[in-house]
Amino acid sequence: MSTISNGSAQALAMPPMPARREQLKDLPVAGGKRVLLAAPRGYCAGVDRAVIAVEKALANYGAPVYVRKQIVHNIHVVTTLEAQGAIFVDEVEEIPEGSTVVFSAHGVSPAVVKGAADRELHAIDATCPLVTKVHREATRFARDNYQILLIGHHGHEEVEGTMGHAPERTILVNSPADVPNIVVDNTDNLVWLSQTTLSVDETMETVRLLRERFPTLQDPPSDDICYATQNRQVAIKKVAEEAELVIVVGSANSSNTVRLVDVALEYGAKAAYRVDYASEIKQEWLDGISTVGVTSGASVPEVLVQEVLADLADAGYGDVSSVVTAEEDLMFSLPKELRTDAAGNPDERGLGGRNRKLDWQ
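Residues numbered from 1 in each chain as written. Predicted model: local features only at pLDDT ≥ 70, side-chain atom pairs only at ≥ 80, totals over all residues. Heavy atoms only, no water.

## Remarks on the overall build of the chain
Looking only at helices and strands, one finds nine helices and 14 strands in the chain. Taking 21 Å as the expected radius of gyration for a compact globule of 361 residues, we find that the chain reaches 21 Å, a close match to that expectation. Taking the principal axes of the C-alpha coordinates as reference, the chain spans close to 65 × 55 × 40 Å. Relative to all contacts within the chain whose residues are 6 or more apart in sequence, the contacts with residues 24 or more apart total 76%. Put simply, the chain shows about 15400 Å² of open surface, and 50% of that area lies on carbon and sulfur atoms. (Helix = DSSP H or I, 4+ residues; strand = E, 2+ residues; numbered from the N terminus. Rg over C-alpha atoms; globule rule 2.2 N^0.38 Å. Contact = heavy atoms within 4.5 Å. Areas by Shrake-Rupley, 256 points an atom, 1.4 Å probe, with all protein chains shown as cover.)

Quick look at the structure:
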């Protein structure tokens, strides 16, 4: 994993916004040109809450505010917050004692919390409440002497945080291919949990294979894959039925963004590409294409999608239709330290949810 520190010791190792290429050309295709715009897309409540948490920490406590790892997996969000005074580091040991630190939406292990306390850091936990739910499940099942099969991607921050809550009782299942090699001590007390941002289809296939090997495998009390991940995958499945090309806006280290590319291809799109910015769209992708699908990962601000639509309009794809498969209105309360402004008055932004301005910068 690339470092993301932007302190004095290391440079922020993320690609800058690409230079603008020539305007996309409006070349003829058979039939009319159109865009199918997936909905829901973009920011989920947990991401919105985490980003607001950093913004409000900067407003209440002043710069710098340190953030362990990327607050959410999106280059534009991270670099924008950096410009406002946030400093992103890999570990709490890099943060000066007594400073303010925000834990990312992906969650942390108890060891990280202890490390922050040892350095007397003012820690603000911006972990998505849905990730916190999985942490609590892991802790409870470990306490009850269960062995946990955690379906997730090796090295992902969320997986590291969840495993840290029950390290002695958890086995990571990285993919369906891992299933034949899993060794468990006791099949009587066996339960599966999952990373919240996985492909729903692949996760359930992994569960199916696990249950073939371990018939007594128990399910978690509720689905661990978050509502936003599921909703975005359902929407792109519908879009991919008609779109020849799908463009997914989001960063390469965003698990749910990458899964959207995979799902689009699995459900009918002839081609699917991930871009951080509209300027990454290549003219040749549009050759002979009449219908383009567009969506974005759950950590992507809507302004980046609107830039993609503007560039596609230059290429003649100005007819945009929304494909709506769900409505989202969930909001999460901010961490308790941030529910007031710097003067201690109740803050109208005490909730984080899908209520961000489209021109968020």
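Picking up after the structure, the text goes on.
## Remarks on the UniProt feature "binding site: isopentenyl diphosphate" (unreviewed entry) in the chain
As recorded in UniProt, the feature "binding site: isopentenyl diphosphate" (unreviewed entry) lies at His-73, His-106, His-156, Ser-254, Ser-255, Asn-256 and Ser-299. Among the residues just listed, His-73, His-106, His-156, Ser-254, Ser-255, Asn-256 and Ser-299 line the largest cavity. Along the chain, the position of Ser-254 falls in the loop between strand E9 (245–249) and helix H8 (255–266). For Ser-254, the contacting residues outside a window of four places in its chain are His-73 and Ser-299. Within the secondary structure, Asn-256 is located in helix H8. Residue classification places Asn-256 among the buried residues on the basis of a relative accessible area of 9%. When neighbours within four sequence positions are excluded, Asn-256 is seen to be in contact with Thr-197, Thr-229, Gly-297 and Ala-298. A distance of 3.3 Å separates polar atoms of two side chains, one belonging to Asn-256 and the other to Ser-254. (UniProt positions renumbered as here; feature names shortened; annotations may be inferred. 1 Å grid on protein atoms, 1.4 Å probe; cavity = no way out; pocket = protein on both sides within 12 Å on 5 of 7 lines; lining within 4 Å. Buried < 20%, exposed > 50% of the residue type's maximum accessible area, 1.4 Å probe, protein only. Polar contact = N/O pair within 3.5 Å; in protein donor to acceptor, adjacent residues only side chain to side chain.)

## Regarding the packing of aromatic side chains
Within this structure, the stated rule accounts for two aromatic pairs. Consider the rings of Tyr-273 and Trp-285, whose centres lie 3.9 Å apart with planes at 0°: the pair is stacked. In this pair, Tyr-273 sits in strand E10 (residues 271–275) while Trp-285 sits in the loop between E10 and strand E11 (291–296), placing the two residues twelve residues apart along the sequence. Looking at Trp-285, the relative accessible area reads 13%, which means it is buried. A cation sits over an aromatic face here: Arg-140 above Phe-141, 4.7 Å from the ring centre. (Phe/Tyr/Trp six-rings, centres within 6.5 Å; stacked < 30°, edge-to-face > 60°. Lys NZ or Arg CZ within 6 Å of the ring centre and 35° of its normal.)

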